[in-house]
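The residues making up each chain are set out below.
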Amino acid sequence: MQERTMPEVDRTLRQLTFGHGMAEIDPQTGAIAGFSNVDSPKREYLIDADIPWHSPDFYWGTGMVVTSKGSCSWITPTTFDVTSNVETLHFDMGQAGLELDVTRSGGDALTERYVWRNVSGGPLTISQLSIEAPFNNYYPSAQKALDECVNAHIFAGGSWAWCYAEPMDGSSPSLGMIVHKGALHSYSLQTQNESVFSNVRGHIVLNVTDHAISPDSFGGQPILHLQADDSYELVNQVGWYASREAFEDDVDAPASFSALSSTLGEVIDVETALDVSADNAHLSIEATDRGYRIGADEAGSYYIHLSGEDYSACTEVLFYAPLEETVASRVHYILDHQVASYRPGTLSAAIVSVDTRTKLQIIDPFWNDWTDGSERICMPVLLQKALNHGYLDDDDSIRAQRECDAWRDFAERNLLDASGASRRGSSQPESSFGKRLYDMPWIAQFYCEHFRASGDMHDLDMASRILNRLTELGGQHFLSIEFAETCECTARLLREQGRGAEADGILDHVLSSADFFLGLGRNLPPHEVAYEQSVVAPLISLLIGAYRITGESKYLDGIRSRLPWLLSFSGFQPDCRLNGVAIRHWDGHWFGIYRSFGDTFPHYWSALTAEVLLRLPEQIANDGTLALAARILRANMANYDADGGATCAYIFPSSVDGRAMNRADPLANDQDEHLNIWLRMIEEEHLSIR
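Summarised in this report is the structure supplied together with it. (Residues numbered from 1 in each chain as written. Predicted model: local features only at pLDDT ≥ 70, side-chain atom pairs only at ≥ 80, totals over all residues. Heavy atoms only, no water.)

## Description of the overall build of the chain
Of regular secondary structure, the chain possesses 15 helices and 32 strands. Across the chain, the fraction of contacts at a sequence separation of at least 24, relative to all contacts at a separation of at least 6, is 66%. Carbon and sulfur atoms make up 47% of the accessible area of the chain, which totals about 24700 Å². (Helix = DSSP H or I, 4+ residues; strand = E, 2+ residues; numbered from the N terminus. Contact = heavy atoms within 4.5 Å. Areas by Shrake-Rupley, 256 points an atom, 1.4 Å probe, with all protein chains shown as cover.)

The structure is reproduced here in structure tokens:
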């Protein structure tokens, strides 16, 4: 075989300029190795070429294809030229029966044109066509993430498709990509596995189609048919944006939805000139003067297709049972299937994970996220909250209160030591008490709820003891989820019982912690993940708590400056699983049966963002923050089944490391904290959203 040699290229031409920035061209392959902007010179919008798990195989614009003739990847072009702010590349992909021409043109924006031509001499089908888009959605540390990295929000809705890479500190400019011709029907993740673990989202891959791996994902992946000499063309525009609003103006959406998630019995109005359809008997679609009206007779998420001449788009809407019904059915399911009643002694009151396919309970003392403690604490909290709200019928009320009383004994015998420190599960060694600070506010939260039902001062004593012990163990230097909220609740109950000095002591923990983290600025310490949305949300809740206690402006200023960090995680795609939902991509591995990494949408901790928004001081809160909180709470209703079953992780991408996804993990595990947050907001913030 004759060795292929690259033509001589002017190696000094290594960039295309557009707007206030540039695309940095790899001199060997012509692929884009980075995007940079003069207004934010430290920000890396694509993964740094020097990072060990990144290589030219994943540079922007490289890709892979599977056809009826064969398959191949394209990286190194046959010809490559850069002249007058225009780059042209040609790839021979004979083994797949194709050739590819790529043209990139600078200017106000960067225009990319990919043309795949059938050179096989006969008809050809394409079942996989994927392009790398390695956005720098990476969490090396809080400081570095805020200074240099981006949150990438992807909408692969067919002809209606775009990407938006926003600085993690919520600043500008953001990098946006909009599809103008052709379509992206899904996206995938690569290198998201045990080698990189939870601090790396992986390489994002944009799919014209992922049919070869995941044919049913995203409402169905197409097969492309090309006759001899026919071609498929994809045209993207990449530009810089000062805000999401400016980007959405450029997207020029073909449809708008009155809501993406709605309760059963209500309708969703779609304003559009396109045809709207769905292949599901449970949906009703009626034409209106301005588009269509969609309703459903059964809870669930549904794909909606929008079509017109040479245009085909798809997105997802959700209809869910009302909150009271969802909570009641979930409690009934827990009582029937998740109480470990077959175990001996007090262990029989533990509430554990369950495989919803078989109803078999899952306990693994050596896999921390499958123990009978830690995140499973959300279930007894939910039972007691449901009781306190009066959501249960008489039979379930009796069963639930009996179980909550027994769970309290289980916790004191098996999860807590005499000091109030907790361990992750009953089988964990005694040396592990107090080693995981996350768990302690959750158990204290249970005691607060149990006290509201029992009036037993022992419950209030225990809540106070646990929170004080948490501080002794260093809790003021750790962003425990729900710490501020639980301290406020406990202090309020203590004060109602005439125990004002104890209440003040609990609130002092909030103040000392708020002052500590306020002093750190952007240099937040690593937690179980180096940086994530569920670090920022507790941070802001802490500052909100401190402002409520003192009214001091330093806390108000701290909230204002950090809120953009939190909102940068939340997507704004027109999809019920994405809109408002924060990026999170590892829980399927740690909590699910499939042990799959990959974007988990919606993930229940996105409700922490809703909680922050609903607790904001009146100087910052507005109609927009309330509406966003509502969208987040409603989106998470996708995680519950009509029978009260649930999923701990819906892995959203069409595929992850070559495995078909876009599916719900069958384990009901830790998702119920979303319902607890919603109920707490009704109790404490007088939320009327249902």
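## Considering the packing of helix H4 (residues 378-389) against helix H6 (residues 439-454)
The angle between the axes and the distance between the axes are what describe a pair of packed helices. Look at H4 against H6: their axes get within 9 Å of each other, and the N-to-C directions meet at 25°. Classed by the angle they form, the pair H4 and H6 counts as roughly parallel. Seen from above, H4 lies across H6 with left-handed handedness. Of the residues in H6, those in contact with Pro380, Val381, Gln384, Lys385 and Asn388 of H4 are Trp442, Gln445, Phe446, Glu449, His450, Arg452 and Ala453. Partitioning the contact of H4 with H6 into residue classes produces five nonpolar, four polar and three charged. (Axes fitted to C-alpha atoms, helices over the stretch in contact; angles between N-to-C directions. Parallel < 35°, antiparallel > 145°, perpendicular 65-115°, else oblique. Left-handed = near helix turned anticlockwise from the far one by under 90°. Nonpolar A, V, L, I, M, F, W, Y, C, P; charged D, E, K, R; others polar.)

## Considering the nonpolar core
One finds Phe35, Trp60, Trp116, Phe135 and Tyr531 to be the most contacted residues of the largest nonpolar core, which totals 219 residues. Per-element tally for this core: the top contributor is helix H10 (residues 533-550), with 10 residues. Residues in contact with Trp116, not counting those within four places in the same chain, are Trp74, Met93, Leu98, Glu99, Leu100, Leu129, Ile131, Leu226, Asp230, Ser231, Tyr232 and Leu234. Judged by nonpolar contacts, the second largest core, of six residues, contains Ile47, Ile51, Trp53 and Tyr138. (Core = buried A, V, L, I, M, F, W, Y, C linked by side-chain atoms within 4.5 Å. Buried < 20%, exposed > 50% of the residue type's maximum accessible area, 1.4 Å probe, protein only.)

## Focus: helix H8 (residues 483-496)
Helix length check: H8, at 14 residues, gives a terminal C-alpha distance of 20 Å against a target of 20 Å (1.5 Å per residue), a fit within 8%. Among the 14 residues of H8, 11 are classified as buried, and the element is accordingly described as predominantly covered. Among the residues making up H8, those that are buried are Phe483, Ala484, Glu485, Thr486, Cys487, Glu488, Cys489, Thr490, Ala491, Leu493 and Leu494. Looking at the buried positions of H8, the neighbouring elements they touch are H6, helix H7 (457-472), helix H9 (500-520), H10, helix H13 (607-615) and helix H15 (673-684). Phi turns positive, to about 75°, at Gly498, one or two residues after H8. (Expected span 1.5 Å × (residues − 1).)

## Focus: the sheet that holds strand S3 (residues 32-37)
Spatial strand order, S1-S2-S3: three strands in an open sheet with antiparallel pairing. Looking at the sheet topology across the chains shown, the edges are occupied by strand S1 (15-18) and S3. Recorded for the sheet is a direction-independent mean angle of 20° between the axes of neighbouring strands. Where S1 lies against strand S2 (residues 21-25), four bridges are found, and the strand directions are antiparallel. Looking at S2, one finds that Phe18 is bridged to Gly21. (Pairing = 2+ DSSP bridges.)

## A few points about the packing of aromatic side chains
In this structure the tally under the stated criterion is 35 aromatic pairs. An angle of 20° between the planes, with centres 5.8 Å apart, marks the rings of Phe197 and Trp590 as stacked. Of this pair, Phe197 sits in the loop between strand S14 (186-190) and strand S15 (203-209) while Trp590 sits in helix H12 (residues 587-591), and the two are 393 residues apart along the sequence. Phe197 sits in the partly exposed class, given a relative accessible area of 36%. For Trp590, a relative accessible area of 24% puts it in the partly exposed group. For the pair Tyr241 and Phe247, a centre-to-centre distance of 5.1 Å together with 85° between the ring planes defines the contact as edge-to-face. (Phe/Tyr/Trp six-rings, centres within 6.5 Å; stacked < 30°, edge-to-face > 60°.)

## Some words on the packing of H13 against H15
Here H13 crosses H15 at 10°, and the two axes come no closer than 9 Å. With respect to each other, H13 and H15 are oriented roughly parallel. Residue-level contacts link Ala607, Leu608, Glu611, Leu614 and Arg615 of H13 to His674, Ile677, Arg680 and Met681 of H15. Within the contact of H13 with H15, the residues separate by chemical class into five nonpolar, one polar and three charged.

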